[in-house]
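So the chains spell out like this:
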Amino acid sequence: MLNNPPTYKVLLPRWIWEEAKDEEHFKQLVREYMRRYPEYTVKSVKDGFAICVRK
């Protein structure tokens, strides 16, 4: 784990799951929401959180 950057969790709002029509739409909504956090890059989504690394 020496070269792995630390990860950060960003809580995603419930409306993303409520509005998403399918997986692609869900990904689009997450990307749009994460524009509020320009210093983070999303690696995955788990348990309601975007798992991110810092740029």
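Residues numbered from 1 in each chain as written. Predicted model: local features only at pLDDT ≥ 70, side-chain atom pairs only at ≥ 80, totals over all residues. Heavy atoms only, no water.

Visitor: I'd like a rundown of helix α2 (residues 23-34), residues and numbers included.
Guide: Compared with the 16 Å implied by 1.5 Å per residue over 12 residues, the 16 Å span of α2 between its first and last C-alpha is a close match. The elements touched by buried residues of α2 are β1 (7-11), α1 (14-19), β2 (40-46) and β3 (49-54). (Helix = DSSP H or I, 4+ residues; strand = E, 2+ residues; numbered from the N terminus. Expected span 1.5 Å × (residues − 1). Contact = heavy atoms within 4.5 Å.)

Visitor: Tell me about the packing of aromatic side chains, and please be specific about residues and values.
Guide: Evaluated as defined, the whole model comprises five aromatic pairs. Arranged with centres 5.5 Å apart and planes meeting at 40°, the rings of Tyr8 and Tyr40 form a pair that is tilted. One end of the pair, Tyr8, is in strand β1; the other, Tyr40, is in strand β2, with 32 residues separating them in the sequence. Under the relative-accessibility criterion, Tyr40 is labelled buried at 16%. When the ring centre of Tyr8 is taken as origin, the NZ or CZ atom of Arg54, which lies over that ring, is 5.6 Å away. (Phe/Tyr/Trp six-rings, centres within 6.5 Å; stacked < 30°, edge-to-face > 60°. Buried < 20%, exposed > 50% of the residue type's maximum accessible area, 1.4 Å probe, protein only. Lys NZ or Arg CZ within 6 Å of the ring centre and 35° of its normal.)

Visitor: An account of the nonpolar core is needed here, citing residue identities and associated values.
Guide: Formed by Val10, Leu12, Ile16, Phe26, Leu29, Val30, Tyr33, Met34, Tyr40, Ala50 and Cys52, the largest nonpolar core amounts to 11 residues. Sorting the residues of this core by element identifies α2 and β3 as the ones contributing at least two each. Here this core gets five residues from one element, more than from any other, and that element is α2. For Tyr40, the contacting residues outside a window of four places in its chain are Tyr8, Val10, Met34, Cys52, Val53, Arg54 and Lys55. (Core = buried A, V, L, I, M, F, W, Y, C linked by side-chain atoms within 4.5 Å.)

Visitor: I'd love a proper account of the sheet that holds β2, names of residues and values included.
Guide: By way of backbone hydrogen bonds, the strands of a sheet pair with one another, either parallel or antiparallel. On the basis of which strands lie adjacent, the open sheet formed by three strands has the order β1-β3-β2 and antiparallel pairing. Both edges of this open sheet fall to β1 and β2, since each of them pairs with a single strand only. Shown here is a sheet whose adjacent strand axes are inclined to one another by a mean of 35°, direction ignored. Across five bridges, β1 lies against β3 in antiparallel orientation. What sits directly across from Leu11, in β3, is Phe49. (Pairing = 2+ DSSP bridges. Axes fitted to C-alpha atoms, helices over the stretch in contact; angles between N-to-C directions.)

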